[in-house]
Amino acid sequence: MAFQSKKLINDPNDVVTEFIEGLIETYPGLQYLDGFPEVKVVLRADVSGAKYDKVAVISGGGSGHEPAHAGFVGEGMLTAAICGDVFASPNVDSILAGIRAVTGPMGCLLIVKNYTGDRLNFGLAAEQAKSEGYKVEMVIVGDDCALPPPRGIAGRRGLAGTILVHKVAGAAAACGLPLSDVAAEAKCASEMVGTMGVALSVCTLPGQVTSDRLGPGKMELGLGIHGEPGAAVADLQPVDVVVSHVLKEILSSETNYVPITRGSRVVLLINGLGATPLMELMIIAGKAVPGLQLEHGLAVDRVYTGSFMTSLDMAGFSISVMKADQACLDRLDAPTKAPNWPVGAEGNRPPAKIPVPLPPSHSIQSDKTLSRPEKLSPQGHMLEAAIEAAATEIVTLRDNLNEWDSKVGDGDCGSTMFRGAVAILEDMKKYYPLNDPAETVNEIESSIRRVMGGTSGILYSIFCKAAYAKLKADAESVVTALHWADALEAAIAAVSKYGGASAGYRTLLDALIPALSALKERLNAGDDPVDAFIISAEAVSAGAESTKHMQAQAGRSTYVPGDVLASVPDPGAMAAAAWYRAAALAVKEKYNTA
């Protein structure tokens, strides 16, 4: 029977901010940005971004996993942690605030657990930071070993093994290594670690009732850290049996998730999930070490036991096994003041909070830059016509997109795109500097980010931000057709990088990739740019229609039967084709009447 849980909280909506306030009072080496409730960032009190002479290491994600991630902020580990709401990815503005607060000339490394929301929000923040002049790299950690290799792009979840990656990267950064080397060490560490979890109870979100999903005498194997069901439910077994099963799954030669073979040196991390007594965790450690040594022939060089990445009040544990050579062990052994690695912080108490840093671009932009020019250049007129036509087409197509999406998704593709299109049409009249194509694309991204939301919103924000960065870097006063083609290519690459999809996955990329190919082919052949644009618009339509024949490998369509998919094109691809085609026809009409 479900029942209301007992929690020592005030307002459930304030648990994360009040947690941060208590954390700062407890550890004098930490501060937070004064931006509650939107910005929830914990950072080292001894780091000032503009003056910091080492690579900043930043991580974060949804709250509810304490001490991760804020408890691992400190010299020798994380420079800042970005805290989302409970089990929710932090927003882009919060991530950007953290980057701006601690990143100096050496740049920053973002360590992100492999969840779609985290990938997309951190990805867009990375692109925005790059456009502001910061050096940024991102490493995604997916150490889950509980599930067989997936069909789609979701991939392996990021679990407690991420903490070991934090430590390796933080120690490398503390040595003064350049960003490329710190990122390389973090990526290598992420590929050496595997994790699997076991739950004896279901966690309870603040202010909600406790689920009765697990009955008495049952346990879940292969769970995530967000309260989602495990890979399997089994009868509760003695700890020897459970530990042996978990180790076999992590070290399985069939999945080959980690490159660990007999004779390898490893480190072991036993992680409590929030409500597991230390006594039980130590029992697990005591069984796991001889299991690794005797059953699997491994040399266990380090053992870390405690609660590192929890799931609120869940009873259970996870085991992480990481291959570690001497260089890796040196990173793990390096000193750190991160309070939960288990080394305490000490020193004089600085101010508990500092202001949220503003983006450098705001201080140098004039009002004129962010307003519509009094007189449009020929290039500005052309761009205005294309944007207006593209957005208007999406407004018209709202109901059709929703209808398609109701069959293969959650039914709101048209409404989401409609909100973005309306905002673009309204903002273009006031704010878009249409004579400057690059800055106009940047303002389109601002309109989209403000109103669209969801996966579509973040993907289109990434699309526009990457296109803006390419145009800004390559183009001068006049943006040529080849510049636009290169910007489209950069935008597609960014969406693929952070979203995980590529050609054939049944997404908007299946419309845009053929369009890019046709556009570049015709431009390189010397065709008139307008004719090349029209030909590429034909390719975008054909690409969108072809999604009917594809098996979905991304988004909610992956759960829809193939016979249903075969009757409906991908709504995202159809939306992309619609705005692209409308823009091309508008450019042709404008060109012919000029």
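Residues numbered from 1 in each chain as written. Predicted model: local features only at pLDDT ≥ 70, side-chain atom pairs only at ≥ 80, totals over all residues. Heavy atoms only, no water.

In the annotation of an unreviewed UniProt entry, the protein chain is listed under the name 3,4-dihydroxy-2-butanone kinase and assigned to Anisodus tanguticus. According to the UniProt record, the Sequence similarities (unreviewed entry) comment for the protein chain reads "Belongs to the dihydroxyacetone kinase (DAK) family." (UniProt positions renumbered as here; feature names shortened; annotations may be inferred.)

A. Representation of the UniProt feature "binding site: substrate" (unreviewed entry) in the protein chain within the structure. As annotated by UniProt and renumbered to match this structure, "binding site: substrate" (unreviewed entry) occupies Gly62, Ser63, Gly64, His65, Lys113 and Asp118. Mapped onto the elements, Ser63 comes out in strand 4 (residues 56-63). Overall, the relative accessible area of 4% leaves Ser63 in the buried class. When near neighbours in sequence (up to four residues on either side) are disregarded, Ser63 contacts Val16, Cys83, Gly84, Asp85, Val86 and Phe87. With respect to the secondary-structure elements, His65 resides in the loop between strand 4 and strand 5 (80-86). The exposure class assigned to His65 is buried, which follows from its relative accessible area of 0%. The contacts of His65, once residues within four sequence positions are left out, are Phe87, Ile225, His226, Phe308, Met309, Thr310 and Ser311. At 3.4 Å, the side chain of His65 forms a polar contact with the side chain of His226. (Helix = DSSP H or I, 4+ residues; strand = E, 2+ residues; numbered from the N terminus. Buried < 20%, exposed > 50% of the residue type's maximum accessible area, 1.4 Å probe, protein only. Contact = heavy atoms within 4.5 Å. Polar contact = N/O pair within 3.5 Å; in protein donor to acceptor, adjacent residues only side chain to side chain.)

B. Local environment of the environment of Glu443. Note that Glu443 resides in helix 13 (residues 437-451). In this structure the C-alpha to C-alpha distance between Glu443 and Ser318, which are 125 residues apart in sequence, comes to 45 Å.

C. Looking closely at the pattern of salt bridges. For the coordinates displayed, the defined rule picks out 27 salt bridges. Asp93 is the partner of Arg449 in a salt bridge, and the nearest nitrogen-oxygen pair spans 2.9 Å. Of this pair, Arg449 sits in helix 13 while Asp93 sits in helix 2 (residues 92-102), and the two are 356 residues apart along the sequence. With a shortest N-O distance of 4.0 Å, Glu521 and Arg522 are connected by a salt bridge. One salt-bridge network, in which partners are shared between bridges, spans Asp93, Glu445, Arg449 and Lys465. (Salt bridge = Lys/Arg side-chain N within 4 Å of Asp/Glu carboxyl O.)

D. Summary view of the environment of Ala324. Here Ala324 is to be found in the loop between strand 14 (316-323) and helix 8 (326-333). For Ala324, a relative accessible area of 2% gives the class buried. When the C-alpha positions of Ala324 and Val193 are compared, they lie 9.1 Å apart, and in sequence the two are 131 residues distant. Those residues in contact with Ala324, other than ones at most four positions away along the chain, are Arg265, Val266, Val267 and Leu329.

E. Region of the structure containing helix 17 (residues 529-545). A rise of 1.5 Å per residue sets the reference length of helix 17, with its 17 residues, at 24 Å; its end C-alpha atoms lie 25 Å apart and thus fit the reference within 8%. Residues of helix 17 that are buried: Val530, Ala532, Phe533, Ile534, Ser536, Ala537, Ala539, Val540, Ser541, Gly543 and Ala544. Packing partners of the buried residues in helix 17 comprise helix 16 (509-524) and helix 19 (571-593). Where helix 17 starts, the residue carrying a side-chain oxygen 3.0 Å from the main-chain nitrogen of Val530 turns out to be Asp528. (Expected span 1.5 Å × (residues − 1).)

F. Geometry of helix 7 (residues 278-295). Between its first and last C-alpha atoms helix 7 spans 25 Å; for 18 residues at 1.5 Å apiece the expected length is 26 Å, and the two agree. Among the structural elements, helix 6 (239-250), strand 12 (265-272), strand 13 (299-306) and strand 14 are those in contact with the buried residues of helix 7. Taken from the residues just after helix 7, Gly297 is the one with a positive phi, measuring 65 degrees.

G. Expanded view of the nonpolar core. With 97 residues, the main nonpolar core has Ile99, Leu110, Met417, Phe463, Leu512, Trp579 and Tyr580 as its most contacted residues. The element best represented in this core is helix 19, accounting for eleven residues. With residues near it in sequence (within four places) discarded, Ile99 still touches Ile58, Cys108, Leu110, Ala125, Ala129 and Tyr134. Residues Leu30, Leu109, Leu159 and Ala186 belong to the second largest nonpolar core, which totals 52 residues. (Core = buried A, V, L, I, M, F, W, Y, C linked by side-chain atoms within 4.5 Å.)

H. Representation of the packing of aromatic side chains in the model. For the coordinates displayed, the defined rule picks out eight aromatic pairs. For the pair Tyr32 and Phe36, a centre-to-centre distance of 4.8 Å together with 5 degrees between the ring planes defines the contact as stacked. A relative accessible area of 8% means that Tyr32 is categorised as buried. What links up through ring pairs into an aromatic cluster is the set Tyr460, Phe463, Phe533, Trp579 and Tyr580. (Phe/Tyr/Trp six-rings, centres within 6.5 Å; stacked < 30°, edge-to-face > 60°.)

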